[in-house]
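Each chain, written out:
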Amino acid sequence: MIGLEWSEALEQPGGPPATTPADARRGWVHRAPEPQVIALYRAVVAADPALPAPWWLRAVAAGELTSRREGFAVEDRVAKLLDARPGWVFVPWGVDGDSGYWEYMPSERALAEPGMPTTLAHTHRHPGWIDVIQVHAGQAPPSIRVHGLADLRANLSRLESLRPANRPDGTLGG
């Protein structure tokens, strides 16, 4: 039953398509009192650690962020930076409960076949909270850790100019 309760907690009510992470914060986990959200999350993780959860919730529960609001601020600062740059598009349908991810659409031009553009997503796996996956076709390359907003701002042009990685057979494409 707890899995069903968690699924409902992550469910996004209908509405216009989100164009920023703030627009995508419609689920119970985004609006309910934070202590209730964390208590339910801890119960869910005890039952099944593999269930989906927002990156910021994992970080708050681990004591790496002080609050959900701090995670939202990270998302909003990144959104402000990327929204002002041509080519970046917010994709609101990320992993259940998350607030989406960003794609750098011009990077797809470097592919000889259909694939994925350079993608920026938030993560709980390191304290920079940002991972970038370079443009690729086929299996995704390892993510690039970005060490926070200042690092993103300083290296954004380099990240936008990433090209597909060489395949094991020596050809390009991902």
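Residues numbered from 1 in each chain as written. Predicted model: local features only at pLDDT ≥ 70, side-chain atom pairs only at ≥ 80, totals over all residues. Heavy atoms only, no water.

A. Representation of the confidence of the model for the protein chain. Averaged over all residues, the pLDDT of the protein chain equals 90, while 93% of them reach at least 70. Under a pLDDT of 50 for its full length, residues 169-174 has, in the predicted model, 18 contacts with residues more than four places off or in other chains. (pLDDT = per-residue confidence, 0-100. Contact = heavy atoms within 4.5 Å.)

B. Main features of the packing of helix H5 (residues 68-83) against helix H6 (residues 149-160). Contact pair H5 / H6: the axes reach a minimum separation of 10 Å and the direction vectors enclose 15 degrees. In terms of axis orientation, H5 runs roughly parallel to H6. For the crossing formed where H5 meets H6, the hand is right-handed. Of the residues in H6, those in contact with Arg77, Val78, Leu81 and Leu82 of H5 are Leu149, Leu152, Arg153 and Leu156. (Axes fitted to C-alpha atoms, helices over the stretch in contact; angles between N-to-C directions. Helix = DSSP H or I, 4+ residues; strand = E, 2+ residues; numbered from the N terminus. Parallel < 35°, antiparallel > 145°, perpendicular 65-115°, else oblique. Left-handed = near helix turned anticlockwise from the far one by under 90°.)

C. Local environment of helix H1 (residues 2-10). Within H1, burial applies to Trp6, Ala9 and Leu10. Around the axis of H1, the buried residues are gathered within 95 degrees of arc, so they sit on the same side. For H1, the secondary structure elements touched by its buried residues are helix H2 (28-31), helix H3 (34-47) and helix H4 (55-61). (Buried < 20%, exposed > 50% of the residue type's maximum accessible area, 1.4 Å probe, protein only. Arc of directions from axis to C-beta.)

D. Local environment of the packing of aromatic side chains. Inspection of the entire model under this criterion finds five aromatic pairs. Ring plane angle 50 degrees and centroid distance 6.0 Å describe the contact between tryptophan 6 and tyrosine 41, whose orientation is recorded as tilted. Linking tryptophan 6 in helix H1 with tyrosine 41 in helix H3, this pair joins segments that are 35 residues apart in sequence. As far as the burial class goes, tryptophan 6 and tyrosine 41 line up, both buried. Here arginine 25 stacks its cationic end above the ring of phenylalanine 72, 4.2 Å away from the centre of that ring. (Phe/Tyr/Trp six-rings, centres within 6.5 Å; stacked < 30°, edge-to-face > 60°. Lys NZ or Arg CZ within 6 Å of the ring centre and 35° of its normal.)

E. Geometry of the nonpolar core. Core analysis: the largest hydrophobic core is formed by 21 residues, its most contacted members being Trp6, Val29, Trp56, Leu57 and Leu65. Those elements giving two or more residues to this core turn out to be H1, H3, H4 and H5. Broken down by element, the residue count for this core peaks at six residues, all from H4. In this structure, Leu81, Leu120, Ile130 and Leu159 belong to the second largest nonpolar core, which totals 18 residues. (Core = buried A, V, L, I, M, F, W, Y, C linked by side-chain atoms within 4.5 Å.)

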